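What follows is the residue order along each chain.
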Amino acid sequence: MRRGIPSRASRPTSLYPRNPSTGCSGAGNRNWPNRIASRRGAPFSNTPQTRMARLPSRQYNDSVSASKSPSSTGTDVIVVGGGPAGLAAGIHLSRAGYRTLLVEKGQFGGQAGRIDWIENYPGFPAGIKGADLMALWLAQARRWGLKCLRAQVSGLVRQSSFFRIILPNGRRLRCRAVLCCAGAEFKRLGLSGEDGFLGRYVHHAAFDEAPRFRNKVVAVVGAGEAALHQALLLAKFARRVHLLSRGPTIKAHRLLKSRMTRRPNLIHSPNMTVEKIDGHRRLERIVVRDRVSGLHKSLDVSGLFVLIGKQKSTFPSGKAKGPGYFVAGDASGDICRQVVVAAGSGVQAAMECIRYLEGWSNPHENS
Ligand SMILES: Cc1cc2nc3c(=O)[nH]c(=O)nc-3n(C[C@H](O)[C@H](O)[C@H](O)COP(=O)(O)OP(=O)(O)OC[C@H]3O[C@@H](n4cnc5c(N)ncnc54)[C@H](O)[C@@H]3O)c2cc1C
């Protein structure tokens, strides 16, 4: 028996009836081998809660081998996106005995896996590193046999009673239902040169990049909680952090605002718009305009963090929307973007998906 996977006898029986079409019950996915169980992951903090789990590093993945694709073994549900919504949905579906494949184009854990410290997720009084929290979720998903694949979903086609997920290499995966948990995308400034510097000198939320800017001058554009969160972290490393907001104030949690006053190297400049990004090979300066006085100013910066909001992900759902297609987490366009909200929404979508697979028409009946 693999470590971390309960023996058949000790596995809890499902609350869900056996699915007549798939033969699956809550007793686990016997025909759905769990190849991810033996993988090892990235460095991991040694807290009591997290000692048993690891968030996989980049080399982890493609756990669905080419020899036995999900279409040949039969997949019930494909979850697109491995952030909190996708992982929570994946845990719920695989525990209920549905053969579930989670497809993630980047890092498992999604946006949450990159947050330096999460203080508002219930159950962790002292807070927890985003990567550690997501590692626990992945370990739980592994325990129930969720399969994971590192790939970008580039298309989705509905074919009568099933879907085909299209991968960039042309490979197609067949399933009975799809859960879109692809998150939301960061808005860009729309300035020339922005794309060229993106990922190197221009970032959105990138907590892991903060130490790279030790003793440097950086700017954060935005006025919300995410912008302030990022600016506070950068202020621990950088010599100076310019927080540039379009409006006169920062709209964030009081606690975060009070922390800002304790960081003298974090300077808030209100009523500013970034007009130009400039540099040869590397970012050297930005030009900002004071929206009140109309004056332009050049700021020498080594890094620019753009956190001016998010928009729905461009996940190519095409004409696939309708029965059997579910959306959860930030991808749903909900403005309450939090890990706990995404997780709840993922579980809700998974429960509705189960009702769909079982042929129970009204998702709000018999709850
Ligand atoms: C700076 C910042 C700080 C934050 N701090 C907090 C905090 O302290 N507490 C808190 O509760 N929340 C915080 N949040 C919000 C929280 O991170 C998000 O609400 C949460 O991660 C949303 O989960 P999700 O699963 O819906 O989406 P995401 O976490 O965005 O995950 C979506 C996943 O889908 C993948 N994906 C997208 N398209 C495809 C595709 N075509 N094929 C395959 N995979 C795809 C992406 O790679 C990604 O991994 C913060 C957010 C930011 C930006």
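Note that the coordinates shown come from a computational prediction; the quantities given were computed from them, not determined experimentally. (Residues numbered from 1 in each chain as written. Predicted model: local features only at pLDDT ≥ 70, side-chain atom pairs only at ≥ 80, totals over all residues.)

## Points about the packing of helix α2 (residues 84-95) against helix α7 (residues 339-357)
Their axes nearest at 7 Å, the elements α2 and α7 cross at an angle of 40°. Taken as axis vectors, α2 and α7 run oblique relative to one another. Handedness of the crossing formed by α2 with α7: right-handed. Counting all contacts with α2, which are made through Pro84, Ala85, Gly86, Ala88, Ala89, His92 and Leu93, the residues of α7 involved are Val339, Ala342, Ala343, Ser345, Gly346, Val347, Ala349, Ala350, Met351 and Cys353. Tallied by class, residues from the contact of α2 with α7 come to 13 nonpolar, 4 polar and no charged. (Axes fitted to C-alpha atoms, helices over the stretch in contact; angles between N-to-C directions. Helix = DSSP H or I, 4+ residues; strand = E, 2+ residues; numbered from the N terminus. Parallel < 35°, antiparallel > 145°, perpendicular 65-115°, else oblique. Left-handed = near helix turned anticlockwise from the far one by under 90°. Contact = placed C-beta atoms within 7 Å. Nonpolar A, V, L, I, M, F, W, Y, C, P; charged D, E, K, R; others polar.)

## Focus: the pairing of strand β10 (residues 240-244)
With 4 of 5 residues buried, β10 is to be regarded as a mostly interior element. By the bridge criterion, 5 bridges tie strand β9 (residues 217-221) to β10 in an arrangement that is parallel. Each residue of the ladder has a partner; that of Val221, found in β10, is Leu244. The β-α-β motif built from β9, the intervening helix α5 (residues 225-235) and the parallel element β10 has right-handed crossover chirality. In terms of strand pairing, β10 meets strand β11 (residues 266-269) through 4 bridges, oriented parallel. Following the sheet pairing, His242 is matched in β11 by Ile267. (Buried ≥ 20, exposed ≤ 12 C-beta atoms within 10 Å, placed from the backbone. Pairing = 2+ DSSP bridges. Right-handed = clockwise from strand over helix to strand, strands pointing away.)

Just distances and angles here, no functional claims.
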